[in-house]
Amino acid sequence: MPKTTANGIEIHYEEHGKPEDPAMLLIMGFGAQLTLWPDELVDELVGHGFRVIRYDNRDIGLSQKFDGVKAPGLVKMTLMSKIGLTPRVPYTLADMAADGIGLLDALQIERAHIVGASMGGMIAQHVAAKYPDRCLSFTQVFSTTGNPKLPPAKKEALQALVTRPKSDAEEELVSHGIMLARTIGSPGYPSPEERLRERTLTSVRRSFYPEGPTRHLSAIVADGDRSSMLGDITVPTLVLHGEDDPLVPCEGGKHTAECIPNAKLKTIPGWGHDLPLELVDELAGEIASHARGSVAA
């Protein structure tokens, strides 16, 4: 897989589609490798006429790691945030947004359609707000504004996300990954056991780096409430969210659409915090239609 220097760090990425087609940059979420974007979704987007680029965020997958850099504890960060203080963290979501722009620079892409999922949606918010001249359109997938008044994640979903595996044994890592996927996944579109196990095993064998998500989480908490920043976004925006998302409740997507001027909102019943095969055609169609419409406008 190709790698390049972006924003001063090493980023691993994949390209699919024709070089002459409009670029679409996919930004994945918390602790997730680029492979969490299903191949089927990537292929559908390519079929809609896009040059699709997905990459590993810093500190995860095959991109550069920040070994030995300590993040403040979650309790300390939460308490600081509640009294209006910004904790010092190894890096910020704004830094991660600059990584994405750096990747576009390295690939000599002037403008791209930006698609971000979960934490990737938060990163993409920064891209759309701070680099509007680099964005053809912005699509947010199951993400939120950071407003503390919004409904929180379900207890079992948050617990599954922050719990570490009991050991580094491959079977334990796979079992833990399956448990997490089942807990936050779509109740209306459960993944077949064999597919889920195969995808989890592939992910574990590609990279296992539990320190990265700790620093990812610190970047999310330190970022706070982005509602005001979202009001400045002028990039054509589509918000996609599952009505049964246990990790980032649908209210997060709705609030995003309320904050961004002229944003479009599409919610889907039965959809949780994953990208099930049954929704690939619909999601790819929504993203592609929005992207084409943004250019036409």
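Read on for an overview of the structure. Worth saying up front: this structure is predicted, and the values here are computed from it rather than measured. Think of each chain on its own: its residues are numbered from 1, step by step along the sequence as written. Local features are withheld for residues below a pLDDT of 70 in this predicted model, meaning they are given only at 70 or higher, and side-chain atom pairs are given and counted only at 80 or more; totals for whole chains, interfaces and linings count all residues. Hydrogens and waters are ignored; side-chain quantities use all the structure's heavy atoms.

1. A short note on the overall build of the protein chain
Right, so step 1: Put simply, DSSP H or I for four residues or longer makes a helix, DSSP E for two residues or longer makes a strand, and each gets a number counted from the N terminus. Per the secondary structure count, the protein chain includes 11 helices and eight strands.
Right, so step 2: Relative to the globule expectation of 19 Å for 297 residues, the C-alpha radius of gyration of the protein chain, 18 Å, shows essentially globular dimensions.
Right, so step 3: Principal-axis analysis of the C-alpha atoms places the extent of the protein chain at approximately 50 × 45 × 40 Å.
Right, so step 4: Every residue pair with non-hydrogen atoms within 4.5 Å of one another is taken to be in contact. For the protein chain, the proportion of contacts with a sequence separation of at least 24, taken over those separated by at least 6, is 77%.
Right, so step 5: Reported accessibility uses the Shrake-Rupley method at a 1.4 Å probe radius. Residues are deemed covered only where the shown protein chains occlude them. Summing over all exposed atoms, the protein chain offers an accessible surface of approximately 13300 Å²; the carbon and sulfur share of this is 52%. Computation of the radius of gyration draws on C-alpha atoms alone. For the globule rule, the value is 2.2 Å times the number of residues to the power 0.38.

2. Section: the packing of helix 5 (residues 155-162) against helix 6 (residues 170-184)
Right, so step 1: Closest axis-to-axis distance for the helix 5/helix 6 pair is 9 Å, and the angle between their directions is 155°. As the angle between them shows, helix 5 and helix 6 are arranged roughly antiparallel. Pair helix 5 / helix 6 crosses with left-handed handedness. Residues Glu156, Ala157, Ala160 and Leu161 of helix 5 lie in contact with helix 6, whose contacting residues are His176, Met179, Leu180, Thr183 and Ile184.
Right, so step 2: Note on residue classes: Ala, Val, Leu, Ile, Met, Phe, Trp, Tyr, Cys and Pro are nonpolar, Asp, Glu, Lys and Arg are charged, and everything else, Gly too, is polar. The residue makeup of the contact of helix 5 with helix 6, split by class, is six nonpolar, two polar and one charged. Inter-axis angles, ranging from 0 to 180 degrees, are taken between N-to-C directions of lines fitted to C-alpha atoms, where helices are fitted over the stretch in contact. Angle categories are assigned with fixed cut-offs, so that under 35 degrees is roughly parallel, over 145 is roughly antiparallel, 65 to 115 is roughly perpendicular, and the rest are oblique. By convention, the crossing between two helices is left-handed when the near helix turns anticlockwise from the far helix through less than a right angle, and right-handed when the turn is clockwise.

3. Here we look at the sheet that holds strand 8 (residues 264-268)
Right, so step 1: Pairing between strands requires that DSSP locate at least two bridges from one strand to the other. Taken together, eight strands build an open sheet; the order of strands is 1-2-4-3-5-6-7-8 and the sheet is mixed. Two strands bound the open sheet, and with one partner strand each, they are strand 1 (3-6) and strand 8. The sheet shows a mean angle of 25° between the axes of neighbouring strands, taken without regard to direction.
Right, so step 2: Summarising the sheet, strand 3 (residues 23-27) and strand 5 (residues 112-117) pair through four bridges and their orientation is parallel. Looking at strand 5, one finds that Leu25 is bridged to Ile114.
Right, so step 3: The strands touched by helix 1 (residues 39-47) are strand 2 (9-16), strand 3 and strand 4 (51-55); relative to strand 4, the strand with the most contacts, the crossing angle is about 150°.

4. Points about the packing of helix 3 (residues 93-106) against helix 4 (residues 119-130)
Right, so step 1: Contact pair helix 3 / helix 4: the axes reach a minimum separation of 8 Å and the direction vectors enclose 75°. Classified by the interaxial angle, the pair formed by helix 3 and helix 4 is roughly perpendicular. Taken together, the residues of helix 4 that come into contact with helix 3 (itself represented by Leu93, Ala94, Met96, Ala97 and Ile101) are Met119, Met122, Ile123, His126, Val127 and Lys130.

5. A few points about the pattern of salt bridges
Right, so step 1: We define a salt bridge as a contact between a side-chain nitrogen of Lys or Arg and a carboxyl oxygen of Asp or Glu at a distance within 4 Å. Overall, the coordinates contain 15 salt bridges when judged by the stated rule.
Right, so step 2: Across the salt bridge formed by Glu14 and Arg54, the nearest N and O atoms sit 2.8 Å from each other. One end of the pair, Glu14, is in strand 2; the other, Arg54, is in strand 4, with 40 residues separating them in the sequence. Like Glu14, the residue Arg54 is buried in the burial classification.
Right, so step 3: When the shortest N-O distance is used, the salt bridge between Asp56 and Arg206 registers 2.9 Å. With Asp56 in the loop between strand 4 and helix 2 (74-82) and Arg206 in helix 7 (residues 193-206), this pair connects stretches of sequence that are 150 residues apart.
Right, so step 4: Among the charged side chains, a network of salt bridges with common partners joins Glu14, Asp39 and Arg54. Relative accessibility decides the category of a residue: with a 1.4 Å probe and only protein chains considered, values under 20% of the type maximum give buried, values over 50% give exposed, and everything between is partly exposed.

6. Topic: the pairing of strand 3
Right, so step 1: The buried fraction of strand 3 amounts to five of the five residues, a majority that puts the element mostly inside the structure.
Right, so step 2: With burial as the criterion, each face of strand 3 is covered, one bearing Ala23, Leu25 and Ile27 and the other bearing Met24 and Leu26.
Right, so step 3: Relative to strand 4, strand 3 runs parallel, the two sharing five bridges. Residue pairing across strands places Ile27 opposite Tyr55, the latter belonging to strand 4.
Right, so step 4: Crossover strand 3 to strand 4 through helix 1 is right-handed. Call a crossover right-handed when, viewed with both strands pointing away from you, the route from the first strand across the helix to the second goes clockwise.

7. Focus: the packing of aromatic side chains
Right, so step 1: Stacked, tilted and edge-to-face are the three classes assigned to paired rings of Phe, Tyr and Trp, where Trp is represented by its six-membered ring and a pair needs centres within 6.5 Å; plane angles under 30 degrees give stacked, over 60 edge-to-face, the rest tilted. Enumeration over the complete set of coordinates arrives at two aromatic pairs.
Right, so step 2: In this structure, Lys65 packs its charged tip against the face of Tyr209, placed 5.4 Å from the ring centre. Placement of a charge over a ring requires the Lys NZ or Arg CZ to be within 6 Å of the ring centre, with the centre-to-atom vector within 35 degrees of the ring normal.

8. Digging into the side chain of His216
Right, so step 1: If you trace the backbone, His216 turns up in helix 8 (residues 211-223).
Right, so step 2: Excluding residues within four positions of it along the chain, His216 makes contact with Phe30, Gly31, Asn57, Arg58, Asp59, Ile60, Tyr91, Met96 and Met119.

9. A short note on the nonpolar core
Right, so step 1: We define the nonpolar core as a collection of buried residues of types Ala, Val, Leu, Ile, Met, Phe, Trp, Tyr and Cys that are connected through side-chain atoms lying within 4.5 Å of one another. In this structure, Leu25, Ile53, Leu93, Leu103 and Ile114 are the most contacted members of the largest nonpolar core, which totals 38 residues.
Right, so step 2: In contact with Leu25, not counting residues within four places along its chain, are Ile53, Tyr55, Gly100, Leu103, Leu104, His113, Ile114 and Val115.
Right, so step 3: Core analysis: the next-biggest nonpolar cluster, separate from the first, contains 26 residues, Val42, Val141, Ala284 and Ile287 among them.

Keep in mind these numbers describe shape, not what the thing actually does.
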